[in-house]
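The lines below spell out each chain.
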Amino acid sequence: AQSVSQHNHHVILSEAASLELGCNYSYGGTVNLFWYVQYPGQHLQLLLKYFSGDPLVKGIKGFEAEFIKSKFSFNLRKPSVQWSDTAEYFCAVEGNTPLVFGKGTRLSVIA
Amino acid sequence: KAGVTQTPRYLIKTRGQQVTLSCSPISGHRSVSWYQQTPGQGLQFLFEYFSETQRNKGNFPGRFSGRQFSNSRSEMNVSTLELGDSALYLCASSFIFAGTSGENEQFFGPGTRLTVL
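Small disclaimer: the values here were computed from a predicted structure and weren't measured.

### Considering the pairing of strand E5 (residues 32–38) of chain A
Residues and elements named next belong to chain A.
- Judged by how many residues are buried, E5 sits mostly within the fold: seven of seven residues are covered.
- Burial along E5 is two-sided: Asn32, Phe34, Tyr36 and Gln38 and Leu33, Trp35 and Val37, pointing in opposite directions, are all buried.
- In this sheet, strand E10 (residues 87–94) lies alongside E5 in antiparallel orientation, the contact comprising seven bridges. From the neighbouring strand, Trp35 faces E10, where its bridge partner is Cys91.
- Where E5 meets strand E6 (residues 45–50), five bridges bridge the pair, whose relative direction is antiparallel. Bridge pairing in E6 places Trp35 opposite Leu48.
- Once E5 ends, the chain turns through six residues before running back antiparallel as E6, passing Gly41 with a positive phi of about 75 degrees.

Given below as structure tokens:
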């Protein structure tokens, strides 16, 4: 069965700091990979997705993620965070079963 | 176009009662999936319907059930509510169902916040 592991439960950064959130999954077959964001009081929104092709994918709001197949990883990055990036971030994997989500990483950006 | 809508947005029930939640997918989407979100367990898959047929089912007890109508709208039902059923229930829609080769992107609704007292 697929599983997703997000390494950080809560990350606190100052504005303009760089961000990297880790995501590892366990599934040996072809996967679709996603990062979703949930802003306070709002619903889940898709940040970016990987289906195939270039393993470096760019999403909305300056986020990007790199799929490293050999490491079963799909880490999320942003060069410079803003206060408005404060939210919960979920990595999700779809292999031969419906979406499996990681437990989420809460990002707090302070001024 | 309109996004995924869920009704009601908030619900308070007592133990032992049953509840029905509704989800209207994005126009043209035929797959509807349901998820339970809790602080402790995170987002967990409940079930997925495509063209009125349940395609996938998560690891939840039989008290959790669902159905999909010919217009792709979906309902989920929880019978004999327990305190632990308190959660945010999310619905997501997509063109195709999970496991189909292809680019399957799910769009989420705002959720129904269920509180069981």
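### Points about the sheet that holds strand E3 (residues 19–24) of chain B
Residue and element names in this part refer to chain B.
- Taken in spatial order, the four strands of this open sheet run E1-E3-E8-E7, and their pairing is antiparallel. Looking at the sheet topology across the chains shown, the edges are occupied by strand E1 (5–7) and strand E7 (64–68). Ignoring strand direction, the axes of neighbouring strands in this sheet form an average angle of 20 degrees.
- Bridge count for E7 against strand E8 (residues 74–78) is five bridges, and the pairing is antiparallel. Counterpart to Gln68 in the pairing with E8 is Ser74.

### Overview of the environment of Trp83 of chain A
All names here are of chain A.
- Within the secondary structure, Trp83 is located in the loop between strand E9 (73–78) and E10.
- Given the relative accessible area of 59%, Trp83 is considered exposed.
- Along the primary structure Trp83 and Ala16 are separated by 67 residues, whereas in three dimensions their C-alpha atoms are 8.9 Å apart.
- With residues up to four places along the chain from it excluded, the contact list for Trp83 reads Glu15 and Val109.

### Topic: the state of the cysteines
Residue and element names in this part refer to chain A.
- If you walk through the whole model with that rule in mind, you get two disulfides over all chains.
- Here Cys23 pairs with Cys91 through a disulfide, and the sulfurs are 1.9 Å apart. Disulfide Cys23-Cys91: torsion about the S-S bond near -65 degrees, hence left-handed. You can see Cys23 sitting in strand E4 (residues 23–26) and its partner Cys91 sitting in strand E10, a full 68 residues away along the chain.

### So, the interface of chain A and chain B
- Taken together, the contact between chain A and chain B spans 18 residues of the former and 21 residues of the latter.
- A combined buried area of about 1,500 Å² lies between chain A and chain B, and 58% of that area is made up of carbon and sulfur atoms.
- At the junction of chain A and chain B, the tally comes to one salt bridge.
- On the surface where chain A and chain B come into contact, there are three residue pairs in polar contact (both at pLDDT 80 or more).
- For the side of chain A that touches chain B, the element with the highest residue contribution is E5 of chain A, accounting for four residues.
- For the side of chain A that touches chain B, a count of residues per class yields nine nonpolar, six polar and three charged.

Conventions and cut-offs
Residues numbered from 1 in each chain as written. Chains lettered and ligands numbered in written order. Predicted model: local features only at pLDDT ≥ 70, side-chain atom pairs only at ≥ 80, totals over all residues. Heavy atoms only, no water. Buried < 20%, exposed > 50% of the residue type's maximum accessible area, 1.4 Å probe, protein only. Helix = DSSP H or I, 4+ residues; strand = E, 2+ residues; numbered from the N terminus. Pairing = 2+ DSSP bridges. Axes fitted to C-alpha atoms, helices over the stretch in contact; angles between N-to-C directions. Contact = heavy atoms within 4.5 Å. Disulfide = S-S within 2.5 Å. Buried area = accessible area lost by both parts, 1.4 Å probe. Salt bridge = Lys/Arg side-chain N within 4 Å of Asp/Glu carboxyl O. Polar contact = N/O pair within 3.5 Å; in protein donor to acceptor, adjacent residues only side chain to side chain. Nonpolar A, V, L, I, M, F, W, Y, C, P; charged D, E, K, R; others polar.

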